[in-house]
Amino acid sequence: MAKMVSKAVCFPSPLSFGDIHHHHHYNQHGVCAFPMKFKNPNSVGFSLSTSNDFFGGNISQRGHLSFSKFNKRNNKYAATSAQMSIGIRNAPKWWEKGLQPNMKEVTGAQDLVDSLLSAGDKLVVVDFFSPGCGGCKALHPKICQLAEMNLDVQFLHVNYEELKSMCYSLHVHVLPFFRFYRGAEGRLCSFSCTNATIKKFRDALTKYGADCCSLGPVKGLEEKELLALAANKDLSFAYTPKTEEPVPVVALQEDMVIKTSTSSHPNTFPPLPLPLPLPLASTSHKAKSNSMSEVC
């Protein structure tokens, strides 16, 4: 029986097939196989018949194989996997949770420089973090709370893993790390703190967070930091060093004209000589005694 079943051919039986039971094709073993009509399109039907004797009688077997349970299980597993993958992709990362309107992630060196210059007199806190840093992850919720309490302070987040070359140029080698900037004063302070030493961050925020107006243009990064960023070949950042402005020639000529006109003016007199120092009392007494001795 198993030998005959193995030599039979099974065909799928979609509903579009007509009733073709009358098309019988027998092979050399007398086994006939043809598709059968079932309501379930996921079923495979077969019919077996033979003219050979099997313990003195003919064999005829009809039936169908159903894969509906297997397909349903696979479909359910595929749908669950798709939902899980979509949920994992859409889940926010820990450094994206709790962000406030005054918090922004830096995308590059030029973005960092522009953000510092556009902040004006506002206090800017640059937060250097790494996705794999446990201290950064533990400190992030408290930084978000402080940002919510100080909406006039701009917070810039720098992902160390994505901007590692830029962090090297800025000499940032420990995480979490913070730098405070404001207006014409430029960098105010820089330090590293953890969840246990958050008081250091709060004290700096209280000290430099007061409203003030700084005179002069916004400084941003220091000159040596800008030069280091420009020299880094991994960054697409260009910077022209500042040079001292030469004194204009017109100003020098005007100064020379003023000096020459003053010296050639008729009412100009030469400077008076300084007065001679007065003789001391002891010196004048000796001079009088010498003159009296000469007279005698």
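Keep in mind that what you see is a predicted model, and the values were worked out from it rather than measured.

1. Some details on the overall build of the protein
Check the secondary structure of the protein and you find nine helices and eight strands. Expressed as a percentage of its 296 residues, the buried residues of the protein come to 30%. For the protein, long-range pairs separated by at least 24 residues make up 64% of all intrachain contacts whose partners lie at least 6 apart in sequence. Counting only carbon and sulfur atoms, one obtains 60% of the accessible surface of the protein, whose full area is about 20,400 Å².

2. Points about the side chain of E225
Positionally, E225 belongs in helix α7 (residues 223-231). We classify E225 as buried; its relative accessible area is 3%. Filtering out sequence-adjacent residues up to four positions away, E225 remains in contact with L170, R179, Y181 and R187.

3. Digging into the state of the cysteines
Applying the stated criterion across every chain, the model contains zero disulfides. Lacking any disulfide linkage, C193 is separated from the closest cysteine sulfur, that of C136, by 9.7 Å. The class for C193 is buried, based on a relative accessible area of 1%.

4. Let's talk about the pattern of salt bridges
A full pass over the atoms with the stated rule returns seven salt bridges. Notably, a salt bridge pairs R179 with E225, separated by 3.1 Å at the nearest N-O pair. In this pair, R179 sits in strand β7 (residues 177-182) while E225 sits in helix α7, placing the two residues 46 residues apart along the sequence. Judged by its relative accessible area of 5%, R179 is buried.

5. With respect to the environment of F178
Positionally, F178 belongs in strand β7. Distance in space between the C-alpha atoms of F178 and V126 is 5.5 Å, their sequence separation being 52 residues. Aside from chain neighbours lying at most four places away, what touches F178 is V125, V126, D127, L139, I143, C189, S190, F191, C193 and F201.

6. Remarks on the packing of helix α4 (residues 134-149) against helix α6 (residues 198-208)
Packing of α4 against α6 brings their axes to within 12 Å, and their N-to-C directions diverge by 20°. Taken together, the axes of α4 and α6 are roughly parallel relative to one another. Our pair here, α4 against α6, has a crossing hand that is right-handed. On α6, the residues that touch L139, K142, I143 and L146 of α4 are I198, F201, R202 and L205. Its residues placed into classes, the contact of α4 with α6 shows six nonpolar, no polar and two charged.

7. Things to note about the nonpolar core
L112, V126 and L221 are the most contacted members of the largest nonpolar core, which totals 23 residues. At the level of elements, α3 (109-118), β5 (123-129), β6 (154-159), α5 (164-169), β7 and α7 are the ones that each hand at least two residues to this core. The dominant element in this core, judged by the number of residues it contributes, is α3, at four residues. In this structure, I143, A147, F191 and I198 belong to the second largest nonpolar core, which totals 21 residues.

Scoring rules and cut-offs
Residues numbered from 1 in each chain as written. Predicted model: local features only at pLDDT ≥ 70, side-chain atom pairs only at ≥ 80, totals over all residues. Heavy atoms only, no water. Helix = DSSP H or I, 4+ residues; strand = E, 2+ residues; numbered from the N terminus. Buried < 20%, exposed > 50% of the residue type's maximum accessible area, 1.4 Å probe, protein only. Contact = heavy atoms within 4.5 Å. Areas by Shrake-Rupley, 256 points an atom, 1.4 Å probe, with all protein chains shown as cover. Disulfide = S-S within 2.5 Å. Salt bridge = Lys/Arg side-chain N within 4 Å of Asp/Glu carboxyl O. Axes fitted to C-alpha atoms, helices over the stretch in contact; angles between N-to-C directions. Parallel < 35°, antiparallel > 145°, perpendicular 65-115°, else oblique. Left-handed = near helix turned anticlockwise from the far one by under 90°. Nonpolar A, V, L, I, M, F, W, Y, C, P; charged D, E, K, R; others polar. Core = buried A, V, L, I, M, F, W, Y, C linked by side-chain atoms within 4.5 Å.

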